[in-house]
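Examining the three-dimensional arrangement
Listed here are the chains, written in short residue letters.
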Amino acid sequence: MALNLRPLIITRGLGKWTDVKQPSLFRVALFKFNENKKIVSPSLVCSSSTNTNSKGNTSFTSKVLYDGGCKICHIEISALKKWTKNRDNIEFVDISTPDYDPQFWGGVSYEDAMKEMHVVGPDGKIYTRGDAIRHMYRACGLGFLSTFTELPLIRPICDELYVHFAKYRLKKAFDRCDSNSCDIKLKHLRDKVEREGKS
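I will try to describe carefully the structure that is included in this document. (Residues numbered from 1 in each chain as written. Predicted model: local features only at pLDDT ≥ 70, side-chain atom pairs only at ≥ 80, totals over all residues. Heavy atoms only, no water.)

1. Regarding the pattern of salt bridges
Across all of its chains, the model carries 12 salt bridges by this definition. With a closest N to O distance of 2.7 Å, Arg129 and Glu116 form a salt bridge. Of this pair, Arg129 sits in helix α3 (residues 129-139) while Glu116 is found in the loop between α2 (110-115) and β7 (118-120), placing the two residues 13 residues apart along the sequence. The class for Arg129 is partly exposed, based on a relative accessible area of 41%. When the shortest N-O distance is used, the salt bridge between Lys187 and Asp191 registers 3.4 Å. (Salt bridge = Lys/Arg side-chain N within 4 Å of Asp/Glu carboxyl O. Helix = DSSP H or I, 4+ residues; strand = E, 2+ residues; numbered from the N terminus. Buried < 20%, exposed > 50% of the residue type's maximum accessible area, 1.4 Å probe, protein only.)

Right, here's the structure in full:
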């Protein structure tokens, strides 16, 4: 019986086998197949060493999704970029760019990323809100900040403050559209949120 090797991935959360087309954020497995394409035995299971996305980044990094149009966010991310310039375990992804494609970044849509912070871990796990900030700081080598905000009395306060900040930040982003200084994606999102609020 003839055997051939074909690379496959397990689509995270769906439990399906598919051909490898975009191994970014997935664990890649190489399986032996018989002529009927039935799995015989796994020959290798490993993490993909490289992504095939347009950025060409490795899959062993945490991906911080941020709004490049947000002044406060831009200041913080710029500082973190300088802090991590010699680290290869973190990427900062501007969701406001026209070429932002969720399929390359954990499936996180522009709308979801605008409403609250998202970080995609090296294993593809999605972190949001306060947990996203903690994961980002740990990946940046600032774990002591994350540990502090995880203290029993501090964590609920920090998490609640972030929720209020996220709402305020989104409102300020929508306000940019009133002065015609927002991009088309943000304008569409504002129109959608306004329609949903009226329904």
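There is more to say after this.
2. Side note on the sheet that holds strand β6 (residues 90-94)
With mixed pairing, 4 strands are arranged side by side in an open sheet as β6-β5-β7-β8. Of all strands in the sheet, those with a lone pairing partner are β6 and β8 (126-128), marking the two edges. Across the sheet, the mean angle from the axis of one strand to that of its neighbour is 25 degrees, orientation sign disregarded. Pairing between strand β5 (residues 62-66) and β7: 3 bridges, direction antiparallel. Across the sheet, the residue bridging to Lys63 is Val120, located in β7. (Pairing = 2+ DSSP bridges. Axes fitted to C-alpha atoms, helices over the stretch in contact; angles between N-to-C directions.)

3. Notes on the pairing of β5
In terms of burial, β5 is largely enclosed, as 5 of its 5 residues are buried. Burial of the side chains of β5 extends over both faces: Ser62, Val64 and Tyr66 are buried on one face and Lys63 and Leu65 on the other. Where β5 and β6 come together, 5 bridges link them in parallel fashion. If you follow Lys63 over to β6, its bridge partner there is Glu91. In this view, the connection linking β5 to its parallel neighbour β6 by way of helix α1 (residues 71-83) has right-handed handedness. (Right-handed = clockwise from strand over helix to strand, strands pointing away.)

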